[in-house]
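# A closer look at the structure
This is what each chain is made of:
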Amino acid sequence: MKQRAPLTLAAVTAALAAVTGIASLTAPAAPAADGKKTAAARMPVERSTMVCPAPSSSDIADTAYTSYTPGAAPGAKAEAKGTGKGAARLTGATKEAKAVLEPKEPGKPVGATSSGSEAPALTGTAEGALAPGWTVQQTTKVAVGRARGVLGTACGVPGTDFWFPAVGTSKGREDYVHLTNPDDTAAEVDVKLFGPEGPVKAEPGRDRITIAPKSSQRLLLSTLAPDTQLADVTAHVTTRSGRIGASVQVAEDGVGTDWLAPSTDPAGSLVLPGIPSDATSVRLVAFAPGEEDADLSIRLAGPGGSLSPAGSEALHLKAGMTASVDLKDVTRGEAGSLLLAPADAKKAVPVVAALRVVRGSGAKQELGFIPASGPVGARATVADNRTGENATVLYVTAPGKADAKVRVTASPGTEGGEPESKEIQVKAGTTLAVSPPPAPSGGKGSYALTLETLSGGPVHASRTLTLPHEGVPMFTVQPFTDDRSTVLVPKAVQDLSVPTE
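About the thresholds
- Residues numbered from 1 in each chain as written.
- Predicted model: local features only at pLDDT ≥ 70, side-chain atom pairs only at ≥ 80, totals over all residues.
- Heavy atoms only, no water.
- Helix = DSSP H or I, 4+ residues; strand = E, 2+ residues; numbered from the N terminus.
- Buried < 20%, exposed > 50% of the residue type's maximum accessible area, 1.4 Å probe, protein only.
- Contact = heavy atoms within 4.5 Å.
- Areas by Shrake-Rupley, 256 points an atom, 1.4 Å probe, with all protein chains shown as cover.
- Phe/Tyr/Trp six-rings, centres within 6.5 Å; stacked < 30°, edge-to-face > 60°.
- Pairing = 2+ DSSP bridges.
- Axes fitted to C-alpha atoms, helices over the stretch in contact; angles between N-to-C directions.
- Salt bridge = Lys/Arg side-chain N within 4 Å of Asp/Glu carboxyl O.
- Patch = residues over 30% accessible without salt bridge, like charges linked within 9 Å, V, L, I, M, F, W, Y side chains within 5 Å.
- Lys, Arg positive; Asp, Glu negative; His and termini not counted.
- Charge placed at Lys NZ, Arg CZ, Asp CG, Glu CD.
- pLDDT = per-residue confidence, 0-100.
- Core = buried A, V, L, I, M, F, W, Y, C linked by side-chain atoms within 4.5 Å.

Before going further, it helps to spend a moment on the overall build of the chain. Along its length, the chain carries one helix and 36 strands. Taking all 501 residues of the chain together, 53% fall into the buried category. Contacts in the chain between residues far apart in sequence, at least 24 positions, make up 81% of those at least 6 positions apart. Total accessible area on the chain is roughly 21300 Å²; 51% of this is exposed by carbon and sulfur atoms.

Okay, the packing of aromatic side chains next. Enumeration over the complete set of coordinates arrives at two aromatic pairs. Between tryptophan 163 and phenylalanine 287, the ring centres sit 5.6 Å apart and the planes meet at 35°, which makes this aromatic pair tilted. With tryptophan 163 in strand 10 (residues 161–167) and phenylalanine 287 in strand 20 (residues 279–287), the pair connects residues that are 124 residues apart, well separated along the chain. Across this residue pair, the class does not change: tryptophan 163 and phenylalanine 287 are buried. Residues phenylalanine 194 and phenylalanine 287 carry aromatic rings whose centres are separated by 5.1 Å and whose planes lie at 40° to one another, so their mutual orientation is tilted.

One ladder, built from five bridges, connects strand 28 (residues 379–385) with strand 33 (residues 447–456); its direction is antiparallel. Its bridge partner lying in strand 33, asparagine 385 is registered against tyrosine 447. As defined by bridge partners, strand 30 (residues 404–410) adjoins strand 33 across seven bridges and the pair is classed as antiparallel. By the bridge assignment for strand 33, lysine 405 is matched with serine 455.

What follows deals with the sheet that holds strand 20. Across the sheet, which stays open at both edges, the four strands sit in the order 24-20-26-27 with antiparallel pairing between neighbours. Edge positions in the sheet fall to strand 24 (323–328) and strand 27 (364–371), since each of these pairs with one other strand and no more. Ignoring which end each strand starts from, the neighbouring axes of this sheet average 15° apart. Bridge count between strand 20 and strand 24: five bridges; the pairing is antiparallel. From the neighbouring strand, valine 285 faces strand 24, where its bridge partner is serine 324.

A few words now on the pattern of salt bridges. Across all of its chains, the model carries 19 salt bridges by this definition. The partner of arginine 173 in a salt bridge is glutamate 252, and the shortest N-O contact between them spans 3.7 Å. In this pair, arginine 173 sits in strand 11 (residues 173–181) while glutamate 252 sits in strand 17 (residues 245–252), placing the two residues 79 residues apart along the sequence. Each member of the pair, arginine 173 together with glutamate 252, is buried. Across the pair glutamate 252 and arginine 356 runs a salt bridge whose closest N-O atoms are separated by 3.0 Å. Of this pair, glutamate 252 sits in strand 17 while arginine 356 is found in strand 26 (residues 352–361), placing the two residues 104 residues apart along the sequence. Note on glutamate 252: relative accessible area 15%, which makes it buried. Because the salt bridges share partners, they merge into one network encompassing Arg173, Asp175, Glu252 and Arg356.

What follows is about unusual backbone geometry. With an omega of 0°, the peptide bond running from serine 435 to proline 436 counts as cis. Inspection of the secondary structure puts proline 436 in the loop between strand 32 (430–434) and strand 33. Omega for the bond connecting glycine 457 with proline 458 falls within 30 degrees of zero, at 10°, which places this linkage in the cis form. Within the fold, proline 458 resides in the loop between strand 33 and strand 34 (460–466). One non-glycine residue, alanine 166, lies in positive phi territory at about 85°. For alanine 166, the location among the structural elements is in strand 10. Non-glycine residue asparagine 390 carries a positive phi angle of around 60°.

There is a patch of like negative charges on the surface, built from Glu292, Asp293, Asp295 and Asp344. With respect to the secondary-structure elements, aspartate 293 resides in the loop between strand 20 and strand 21 (294–302).

What follows covers the side chain of threonine 153. Within the secondary structure, threonine 153 is located in strand 9 (residues 149–154). Aside from chain neighbours lying at most four places away, what touches threonine 153 is Pro53, Val136, Gln137, Gln138, Trp259 and Gln478.

What follows covers the sheet that holds strand 28. The antiparallel open sheet is built from four strands, whose spatial order is 28-33-30-31. The open sheet terminates on both sides in strands that have one partner only, identified here as strand 28 and strand 31 (420–426). Geometrically, the sheet is characterised by an average inter-axis angle of 20° between neighbouring strands, direction not taken into account.

This paragraph deals with the confidence of the model for the chain. Summarising the model, the chain shows a mean pLDDT of 89, and 87% of its residues fall at 70 or more. Confidence drops under a pLDDT of 50 for residues 9–33, and excluding neighbours within four residues, the segment shows 42 contacts in the predicted structure. Scored below 50 in pLDDT, residues 78–82 shows eight contacts in the model against residues more than four places distant or in partner chains.

This part covers the nonpolar core. If you look at the biggest cluster of nonpolar residues, it comprises 32 residues, and the most contacted ones within it are Phe164, Leu179, Val237 and Leu260. Within the residue set of this core, elements represented by two or more residues are strand 10, strand 11, strand 12 (187–195), strand 14 (208–211), strand 16 (233–241), strand 17, strand 26 and strand 27. Residues in contact with phenylalanine 164, not counting those within four places in the same chain, are Val233, Thr234, Ala235, Val237, Ala246, Ser247, Val248, Leu260, Ala261 and Pro262. Counting residues in hydrophobic clusters, the runner-up holds 29 residues, among them Ile275, Ala286, Leu355 and Phe475.

Take a look at the structure:
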């Protein structure tokens, strides 16, 4: 029997964990004894957990961390718990580690820096008013060497199921999956690879790893099957017990390095937002878990509408096999977002996907990744944005049939200033590049950008941070996804008081 990559309930578990951190979810309100439905209120989550990978193995790496909580969550009750200043701490992933970041109140970003190869993976929690929408960005710059480049990643919520299309095990690639355990019990982790011909058979015992409590490990993916070299592979990381943070650090000869974040959960339609206008090479890598083949239409949503790339209008995915499409310089000078949808609307097969993007040419090329990501939803934030010519570019796309209105808010800088907001309109089927996006007035330091969907949509978005060095367009792309800062909590209706006679 041919092995397939299963669609599991672990992704659902991870999604629930993302909603509340360690806070609990309450089921929808049930009818009361008198037949009336109980009222429910949208409340802020009370605790969030975050995990950041060890930033670099280079001795000349410089890493910036930025932590930010936007403040009151859209739609949350004003009298709900979580008001006030709250508490948050991000520390090295060991029991004895010292705090790296300790934000004090919502609406004010805080930053920290580290240098060299000794910077550890980080874990932390935010409580009270600092929990809803808490985000941490990790940005590393390595000026020279094989691992040169800008590596950016939004620190993630620990979970149990992660998909990484666009990894590789070929010569000239070094792809490490970083696994961090934030909890007090060990986590048992499986790492499976799927190539163009299906599952890649791993050396016995190499694809199962135990991550000790409060610790982190990294695994070179090519060591799972040292005799197999593949340019395009999908990695599936799951836990048998416990939960972890997972991300992949990719280094490729000639084009530098960056982080590859997980694709959003398998879905019939996907959006990969924010391909820079000057991309010189774009490659789509996709994978269909489960038992069914998938036939996808490929469209590029640009500033004037969406169209099918000539010669790359469709993609056939055999179940359990990774496929790729070389889209070359698909944007042709205009920023865009890639839209994947079922070729037959009545047959939507869940898939995962990511883009490998290269900017520059010759010896001055730089690598980045754009995973398929979920919508902005009510609110989403990306931290560590910077001012300067084209340093930060915001990309917003409305992939459906409805126009959208979005509010973009720049936080104060890490060194002060005042927030600034702007409302923007995005036409259906288009991608809008906002350059420069709003920035804080009168302040210095990096800042956070928060997006809120006001009407229409759905809306997908990403930002590109470019920090050029000696002619190399070093960059990294991070998507905006719903921060799930609130949860619907029903009011109690059962009377537990003791009756009096």
